[in-house]
Amino acid sequence: MKFVKIIFLILITLSSLPGQSIRLIIFPELNTLDLSAFATVEELQGAPRVFCVDIFPTGQYVVLEGNVEWRRVGSNEYEQLLHFVTKPFISRTLCNDDIDRVDVKLQDFDSNNSLIEANIRLGKPTGTYRLTVILFDSAKTEELSRDQRELLFLNPTQTLTIINPRPNNSYDAGNLLVEWTPVQGVNEYFIRASERDDPAQSLEDALVKGIPLVSLKSVGIATSVNLREILDRELKPGSEVVLQVSGNIPGPSGGRKIFSEIVNFTIFNPESQYYSILIERAMRALIKLGDNELIELLRSGQIKPEQLQIRKDDGSIMTFEEFVIFLESNPDNILRIIRE
Amino acid sequence: MMLKRYLIVNLTVFFLLIVYGFTPVNSYLTSTAVVVKVIQDVKHKKPNTDWTQTKPATPLQTRDELKTGEKSVAVLRFLDGSTIRVRENTSIKVYADKVGKGLKKNTAIDVGKVRFEVEKQEEEDEFIIITPTAVATIRGTTGLVSVLEDGTTLLSVEEGIVEVKAIVGAGESGTVEAGKTSFISQEGKVNIENTSTELLNELKNSIRTNERFIRLQTSGGTFRVYYLDVE
């Protein structure tokens, strides 16, 4: 219902009446707006003020009919997400946080719930949304005006984002920290991970049908976890893993689930040649700073790269491979190494 | 007796006010530039003093020298807001002369590399960079000056225009525009070409004066790898 309200308010902003004018004020621009942010608050009036619309003149009774369609990325066809008709309401200046505090109510409503669920599972607005609004007089006998707009989400923002591991990177089996962005309203996060044994398999298929490694395990409200601590099955060196984080937002009918994108990454094989080459490359890059204790410890095998926790001063995580590439690509900008 | 003591105290206060009240006790006010950032080994000296380790917020006065060591950087801000980023192994001397209503700011580079970000100069003001072979007049321009050990000067301009003139030998001159680099030889010849990819990378790199670090937690202890990032 909340989703309907969001779409409904957006549609109101897009409608136009003959002889009337509408001025839409959006913070920020609509094409960068994360619509799913609305799904994280229980009531829309609790959401931040994202947009307002000025309708001139005010005080006229109107009825609005709307249709929302969605075209998946790569598809040519639109599928209907929802359709609605309002009860007569007085044209006015509206903001999204005015919802339920104004007399704009729905008369009819139908939706494709499986398609809406598919949108939510993507965790972000994706593809193209086509919004059509038709404005009628208060008796809904005469069409006054209609408008249509397509919203293309090429580079959308993500509500629940996995910070680490990063797609297509390699990680050590013993030192794999899963970290994601916190989402307001979530009372429980879940991790699901599987082994992708067939590269032809889609990430979604691999998560569901691959060899299960973590089968939807709750981690409470933490926003990071060591994967090793929640594994149902041992990670295989050299294998590819797919992982998704989901969150539960409590509410009526069991609440709502939000999902991160699925990330895929590989598990380092300490025995592999690539791994030993990487250690050599690290030492070659570090030696340019002169002899230092870190190189000595690496050379003597007293510290193993697979046991390293590497973070930048802003808290972001680096893999050992990324660290080596960073050293190699910034030889003139590396200043010194010190022991804390 | 009381009146005499009262007069002595008042006269003393008056005298002190005359002596110190009109003397610029804050050297910052009379400085040419201020060192706003110091990374690793940076030293400065006055004409008659020894080298001193430079700390951030050190004011530099006319004829003061500054030098950077290996992997070291200093950022200087002039009174008009212009900035120079003194890269590693570089030695400079700063000057400022009041001429009429204007202020002439000179930076002499003996050896090394300096990135300049010069604010638009008023008609009567001047920002000049002097090297062993050239003099460059800069007005609202960004770029990089490199002075090699033999005095050869390379001047790459990123934005704006720089007038350059050889001060040795043939004494040639030229105008260097954005995307161009001038080579001023020991013979006083000025050759202007498109900035090479290598020099373009150096130009980009020259803005890196923000010290950051990467933290490595190991079973053998925690290490920090410090590096230069863009501001």
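These numbers come from a predicted model, not from an experiment.

Thresholds, definitions, all that
Residues numbered from 1 in each chain as written. Chains lettered and ligands numbered in written order. Predicted model: local features only at pLDDT ≥ 70, side-chain atom pairs only at ≥ 80, totals over all residues. Heavy atoms only, no water. Helix = DSSP H or I, 4+ residues; strand = E, 2+ residues; numbered from the N terminus. Buried < 20%, exposed > 50% of the residue type's maximum accessible area, 1.4 Å probe, protein only. Contact = heavy atoms within 4.5 Å. Areas by Shrake-Rupley, 256 points an atom, 1.4 Å probe, with all protein chains shown as cover. Pairing = 2+ DSSP bridges. Axes fitted to C-alpha atoms, helices over the stretch in contact; angles between N-to-C directions. Phe/Tyr/Trp six-rings, centres within 6.5 Å; stacked < 30°, edge-to-face > 60°. Salt bridge = Lys/Arg side-chain N within 4 Å of Asp/Glu carboxyl O. Nonpolar A, V, L, I, M, F, W, Y, C, P; charged D, E, K, R; others polar. pLDDT = per-residue confidence, 0-100. Polar contact = N/O pair within 3.5 Å; in protein donor to acceptor, adjacent residues only side chain to side chain.

A. Inspection of the overall build of chain B at higher detail. Tallying secondary structure elements over chain B gives two helices and 19 strands in all. Looking at chain B as a whole, 45% of its 231 residues are labelled buried. Relative to all contacts within chain B whose residues are 6 or more apart in sequence, the contacts with residues 24 or more apart total 41%. Here chain B has roughly 12,100 Å² of accessible surface; of this, 55% comes from carbon and sulfur atoms.

B. Structural detail: the sheet that holds strand 15 (residues 224–226) of chain A. All names here are of chain A. Read from one edge to the other, the open sheet built from three strands follows the order 10-12-15, with strand pairing classed as antiparallel. Looking at which strands have only one partner, the edges of the open sheet turn out to be strand 10 (162–164) and strand 15. For this sheet, the mean inter-axis angle between neighbouring strands, taken without regard to orientation, is 25°. The sheet contact formed by strand 10 and strand 12 (residues 177–180) spans two bridges and is antiparallel. Residue pairing for strand 12: I162 is matched across the bridge by W180.

C. Spatial organisation of the packing of aromatic side chains. Residues and elements named next belong to chain B. By the definition in use, this model includes five aromatic pairs over all chains. Judged by centre distance (5.5 Å) and plane angle (50°), the ring pair of F213 and Y226 falls under tilted. Pair noted here: F213 is in strand 18 (residues 208–218) and Y226 is in strand 19 (residues 221–230), with a separation of 13 residues, a long-range link. Here F213 falls in the buried class, since its relative accessible area comes to 17%. The class of Y226 is buried, set by a relative accessible area of 11%.

D. Spotlight on the interface of chain A and chain B. Across the contact, 29 residues belong to chain A and 23 residues belong to chain B. Linking chain A with chain B are five salt bridges. With a shortest N-O distance of 2.6 Å, E211(B) and R336(A) are connected by a salt bridge. Of all the elements in the fold, those that place two or more residues in the side of chain A that touches chain B are helix 6 (293–299), strand 19 (309–312), helix 7 (320–329) and strand 21 (334–339) of chain A. When residues of the side of chain A that touches chain B are assigned to their parent elements, the largest contribution, six residues, is made by strand 21 of chain A. Its residues placed into classes, the side of chain A that touches chain B shows 15 nonpolar, five polar and nine charged.

E. Layout of the confidence of the model for chain B. All names here are of chain B. The pLDDT averaged across chain B works out to 86; a share of 87% of its residues lies at or above 70. Here helix 1 (residues 2–21) stands out as the least confident element of chain B, with mean pLDDT 43; strand 16 (residues 180–184) is the most confident, with 97. Within the model, the stretch residues 6–29 combines pLDDT values under 50 with eight contacts to residues more than four positions away or in other chains.

F. Just the sheet that holds strand 19 of chain A, in detail. Spatially, the five strands line up as an open sheet ordered 20(A)-19(A)-18(B)-19(B)-21(A), and their pairing is antiparallel. Edge positions in the sheet fall to strand 20 (317–318) and strand 21 of chain A, since each of these pairs with one other strand and no more. Examined bridge by bridge, strand 19 of chain A and strand 20 of chain A share two bridges and lie antiparallel to one another. Looking at the pairing, I310(A) lines up with M318(A) of strand 20 of chain A.

G. Molecular detail of the side chain of T68(B). Residue and element names in this part refer to chain B. Mapping T68 onto the fold places it in strand 5 (residues 64–68). Here N89 takes part through its backbone nitrogen, which lies 3.2 Å from a polar atom of the side chain of T68. In this structure T68 touches D41, V42, V73, A74, V86, R87, E88, N89 and T90, once residues within four positions along its chain are discounted.

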